[in-house]
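Observations on chain architecture
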Amino acid sequence: MSKLKIAVQKSGRLHDDSMQILKEVGISIDNGKDQLKAAARNFPLEVFYLRNGDIPQYLKDGVVDAAIIGENVLVEKGKDITVVEKLGFSSCKVSVAVPKAFKYKGVQDLEGKRIATSYPNTVNEFLKQHNIEANIHIINGSVEIAPNIGLADAIVDIVSSGSTLFKNNLKEVEVILKSEAVLAASPVISDEKQNILDRLQFRLQSVLKGRKSKYILLNAPNDKLQEIINVLPGMKSPTVLPLAEAGWSSVHSVINKNEFWEIIDELKAKGAQGILVCPIDNMVI
Ligand SMILES: Nc1ncnc2c1ncn2[C@@H]1O[C@H](COP(=O)(O)OP(=O)(O)OP(=O)(O)O)[C@@H](O)[C@H]1O
Ligand SMILES: O=P(O)(O)OC[C@H]1O[C@H](OP(=O)(O)OP(=O)(O)O)[C@H](O)[C@@H]1O
Ligand SMILES: [Mg+2]
């Protein structure tokens, strides 16, 4: 039986979360990252540990069928590669930054400037869209140092917390794109591998939905039941069961993790008691 070849970053920011999500979809991988590839024990999958920056070419060539990769790398090197599913981790931006003292008013201020970056195609595309001519200097790492050593007037690099910019006396002035880790597919994937990828995607979706949700159980006095149910839409509608004590019911539902505290406050105000909130491993709708 053929196996889906999936590329995962060998080491770096994406590695641990990528392995974790594969584990959460129930896939056991045999070897550690010291190996170049490893087979899954209980799913038709082979993991290839590669450099993030090399993965788009491997996808294009069909050396791997799929990958977990930063969306920003696909924008830079893999325009024809399909994003199958956004995975919700490694969120970051690719942004233009300039020294704090630079009185930046708009993109036109980049005209004729020297821009240091590891993402030349992304920068070129951005400059073209804005009709700006500038000189791009390609640097592979520590891009934020470039303005301080007189190598560039501006940079384009990844920004997450902003602390690297802050430490280097720079400020973010334009966000070119927002990125997160994604599951991507090779443009030349076979039908057979596509079937395996569909199964993997289905499992990932159930884990991702579970991560966004919480299971909630509470006790409600029957005279407040309707009001409490109105706060809890649930997947279809909440489950309501009678308690042993007359006049009370147990209500079970699913809530959005982001609205968690607001919903709890509202439920308490409406008379709910004994509220339990539990994580959800998987959610199949
Ligand atoms: N500070 C950050 N916060 C959140 N996500 C980030 C951050 N820096 C990078 N990323 C995301 O993680 C991906 C991998 O970044 P990392 O620095 O580990 O590897 P890299 O040096 O770009 O790649 P390679 O594996 O080729 O060495 C990036 O492409 C980006 O999508
Ligand atoms: O806004 P922040 O939270 O400070 O994150 C941004 C920094 O993170 C990344 O570097 P990384 O730490 O991955 O080092 P690298 O340059 O060796 O890849 C990126 O290249 C920025 O320098
Ligand atoms: Mg990095």
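Residues numbered from 1 in each chain as written. Chains lettered and ligands numbered in written order. Predicted model: local features only at pLDDT ≥ 70, side-chain atom pairs only at ≥ 80, totals over all residues.

Here the focus is the overall build of the protein. Looking only at helices and strands, the protein features 8 helices and 15 strands. By the compact-globule yardstick of 19 Å for 285 residues, the protein is too spread out, its C-alpha radius of gyration being 24 Å. Projected onto its principal axes, the C-alpha coordinates of the protein cover approximately 75 × 55 × 30 Å. In the protein, which comprises 285 residues, the proportion classed as buried is 31%. (Helix = DSSP H or I, 4+ residues; strand = E, 2+ residues; numbered from the N terminus. Rg over C-alpha atoms; globule rule 2.2 N^0.38 Å. Buried ≥ 20, exposed ≤ 12 C-beta atoms within 10 Å, placed from the backbone.)

Now for the UniProt feature "domain: Histidine biosynthesis HisG C-terminal" (unreviewed entry) in the protein. Mapped onto the present numbering, the UniProt feature "domain: Histidine biosynthesis HisG C-terminal" (unreviewed entry) falls at residues 211–282. Taken end to end, residues 211–282 comprises 26% helix and 40% strand; its first and last C-alpha atoms sit 8 Å apart. (UniProt positions renumbered as here; feature names shortened; annotations may be inferred.)

A separate point is the nonpolar core. Ranked by size, the top nonpolar core spans 35 residues in total, and within it I6, A66, A67, I68, I69 and A184 carry the most contacts. Secondary structure elements with two or more residues in this core: β1 (4–9), α1 (15–24), β3 (45–50), α2 (55–61), β4 (66–70), α3 (71–77), β11 (181–185) and α6 (191–212). A per-element tally of this core places α6 first, with 6 residues. With 18 residues, the next largest nonpolar core counts V98, L110, F126 and I155 among its residues. (Core = buried A, V, L, I, M, F, W, Y, C linked by C-beta atoms within 7 Å.)

A few words on unusual backbone geometry. Positive phi, close to 55°, is recorded for S90, a residue that is not glycine. If you trace the backbone, S90 turns up in the loop between β5 (82–86) and β6 (92–99). According to the C-beta neighbour criterion, S90 is buried, with 23 such atoms within 10 Å. Located in the positive-phi region is N131, a residue other than glycine, with phi close to 60°. Following the sequence through the fold, N131 ends up in the loop between α4 (120–129) and β8 (135–138). C-beta crowding within 10 Å serves as the criterion here: with 9 such atoms nearby, N131 is assigned to the exposed category.

Let's shift gears to the site of ligand 1. Around ligand 1 lies a shell of 15 residues, among which G12, N52, G53, G70 and S160 are the nearest. Broken down by class, the residue content of the shell around ligand 1 amounts to 4 nonpolar, 9 polar and 2 charged. Lining the shell around ligand 1 are residues from two domains, each supplying at least three of them: domain 1 (4–88 + 180–189) and domain 2 (92–179). (Near = placed C-beta within 6 Å. Nonpolar A, V, L, I, M, F, W, Y, C, P; charged D, E, K, R; others polar. Domains from an automatic or database assignment.)

Another aspect to go through is the site of ligand 2. Near ligand 2, the surroundings consist of R13, G141, E144, D157, I158, V159, S160, S161, G162, S163 and T164. When residues in the shell around ligand 2 are grouped by element, the largest group, 3 residues, is from strand β9 (residues 154–159). For the shell around ligand 2, a count of residues per class yields 2 nonpolar, 6 polar and 3 charged.

Once that is clear, we can look at the environment of M19. Residue placement: M19 occurs in helix α1. Sequence separation between M19 and Q129 is 110 residues; the distance between their C-alpha atoms is 37 Å.

Segmenting the protein into domains produces domain 1 (4–88 + 180–189), domain 2 (92–179) and domain 3 (213–279). Averaged C-alpha coordinates put domain 2 and domain 3 at centres separated by 49 Å.

Here we come to the UniProt feature "domain: ATP phosphoribosyltransferase catalytic" (unreviewed entry) in the protein. Using the residue numbers shown here, the UniProt feature "domain: ATP phosphoribosyltransferase catalytic" (unreviewed entry) corresponds to residues 51–205. The span residues 51–205 is 28% helical and 30% strand by assignment, and the distance between its end C-alpha atoms comes to 25 Å.

Tracing the chain through its elements places A146 in the loop between β8 and β9. Measuring from C-alpha to C-alpha, the distance between A146 and N131 comes to 24 Å, with 15 residues separating the pair along the chain. The contact partners of A146, leaving out residues within four places of it in the chain, are A116, I139, L151, A152 and I155. (Contact = placed C-beta atoms within 7 Å.)

On to the pairing of β1. Within β1, 6 of the 6 residues are buried, which leaves it mostly tucked inside the rest of the structure. Side chains of β1 alternate between two faces, with L4, I6 and V8 and K5, A7 and Q9 buried alike. As paired strands, β1 and β3 are joined by 6 bridges and run parallel to one another. Pairing of V8 across the sheet is with Y49, part of β3. By the bridge criterion, 2 bridges tie β1 to β4 in an arrangement that is parallel. Residue pairing for β4: I6 is matched across the bridge by A66. (Pairing = 2+ DSSP bridges.)

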